[in-house]
Every structure is written in structure tokens, then in C-alpha cells.
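Breakdown of the fold
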Amino acid sequence: MKMGVWFLKLAALYFLIGVSMGVVMEIMEDHSLAGAHAHINLLGWASMGLFGFIYLLFPKASETRLAKLHFWLYNVSFPLFMLGLSFFLAGNTSLNVLLMIFPNLLVLSVILFVINMFLNVKEEDIAHLIKKHENTSL
């Protein structure tokens, strides 16, 4: 459960960063970092938010070593990937090494997530959620 909460909190932070970045780009009328802005919103806000909700819905999956590895690898690689991408989009290639390493580590973290889902999310977990929902009334 803890992994889900942490993913949701960080997703909210990336949402703030992505929205702020969009506003600043619009004010400055300079959209050269639009690629980084889009990645922050999709990989930071949307994907991390989905990871969080999935881990909250399936607590067995959130308590695994795979979930912890997924969390740490994703949250180390993502900001460094965004830093390298932002420099690259701004025309500065001094941090291109970040683009050689950290997107690949991000993909590896997603592979860990997928493996975790296949190993630790079972049909009976979904059936349990549906049954629980049917038994609650508004």
C-alpha cells in the first residue's frame, strides 16, 4: 500500500511541475521544451498516478520487492531523464550521457512493473474488488 501512496504523492508533484512548466512556456512564448513538458505530464503525472492507483487496488503487488525496485528505479531515472531531455531540447548537448542511460533504466523499471502485475495480480483479486464494490451502498 505504501508504494501506491508514494506514487500518488509524486504524481501530484509532477502534475504541478508540468502545469507550471506549461504556463511559463506560454508566458515566454517559447515552446522549445514542449517535449519535456509532455513527458513530465505523461510519465510523471499520468503514469505515476496510474501506478499509484494500481498498487492501492492490489496491495499484494505493492508489497513486493519488485514494487520497491520499480518505485526507486523509476524515481531515480525519471528526473535525470527529464534533465537530460530538457538540456537537449534547449540545444545543450553537455548532458547527453543522461539520455543514453536513464531512459533505458526507466524502461527497465516499467518492465519490473509489468512482471509484478503478471506475478502478483490475480483474477481472484479483481473478483474480490468487484464483490466488495457490489456490497457497498451509497
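Cut-off values and rules
Sequence positions are assigned chain by chain, starting from 1 and proceeding in written order. Local features are withheld for residues below a pLDDT of 70 in this predicted model, meaning they are given only at 70 or higher, and side-chain atom pairs are given and counted only at 80 or more; totals for whole chains, interfaces and linings count all residues. Note: side-chain values were computed over all heavy atoms of the structure, leaving out hydrogens and water. We define the nonpolar core as a collection of buried residues of types Ala, Val, Leu, Ile, Met, Phe, Trp, Tyr and Cys that are connected through side-chain atoms lying within 4.5 Å of one another. The rule is simple: take the accessible area with a 1.4 Å probe, protein chains only, and divide by the maximum for that residue type; under 20% is buried, over 50% is exposed, in between is partly exposed. A helix here means a DSSP run of H or I that spans at least four residues, while a strand means a run of E at least two residues long, and both kinds are numbered starting from the N terminus. We call two residues in contact when some of their heavy atoms are within 4.5 Å. The aromatic pairing rule takes the rings of Phe, Tyr and Trp, using the six-membered ring of Trp, and pairs them if the centres are within 6.5 Å, calling planes under 30 degrees apart stacked, those over 60 edge-to-face and the rest tilted. For a ring to carry a charge above it, either NZ of a lysine or CZ of an arginine must fall within 6 Å of the ring centroid while also lying within 35 degrees of the normal to the ring plane.

1. Concerning the nonpolar core
In this structure, Phe7, Met48, Tyr55, Tyr74 and Phe78 are the most contacted members of the largest nonpolar core, which totals 25 residues. Contributing elements (two or more residues each) for this core: α1 (2-28), α2 (34-57), α4 (65-89) and α5 (96-120). Per element, the largest residue contribution to this core is seven residues, and it comes from α4. For Met48, the contacting residues outside a window of four places in its chain are Phe7, Leu10, Ala11, Tyr14, Leu43, Tyr74 and Asn75.

2. Section: unusual backbone geometry
Of note, the phi angle at Glu29 is positive, near 55°, even though the residue is not glycine. Tracing the backbone shows Glu29 in the loop between α1 and α2. Glu29 sits in the exposed class, given a relative accessible area of 69%.

3. Things to note about the packing of aromatic side chains
On inspection of all chains with the given rule, the structure shows 11 aromatic pairs. For the ring pair Tyr14 and Phe78, a centre distance of 4.8 Å and an interplane angle of 80° mean the geometry is edge-to-face. Separated by 64 residues along the polypeptide, Tyr14 in helix α1 and Phe78 in helix α4 bring together distant segments of the chain. We note that Tyr14, like Phe78, is buried. A ring pair is formed by Phe51 and Tyr74, whose centres lie 5.2 Å apart and whose planes are at 85°; its orientation type is edge-to-face. A residue pair is termed long-range when its members are at least 10 positions apart, and Phe51 in helix α2 and Tyr74 in helix α4 qualify at 23 residues. Both residues of the pair, Phe51 and Tyr74, count as buried. Taken together, the ring pairs connect Phe7, Tyr14, Phe51, Tyr55, Phe71, Trp72, Tyr74, Phe78 and Phe113 into an aromatic cluster. Positioned above the aromatic ring of Trp6 is the side chain of Lys9, whose terminal nitrogen or guanidinium carbon lies 5.6 Å from the ring centre.

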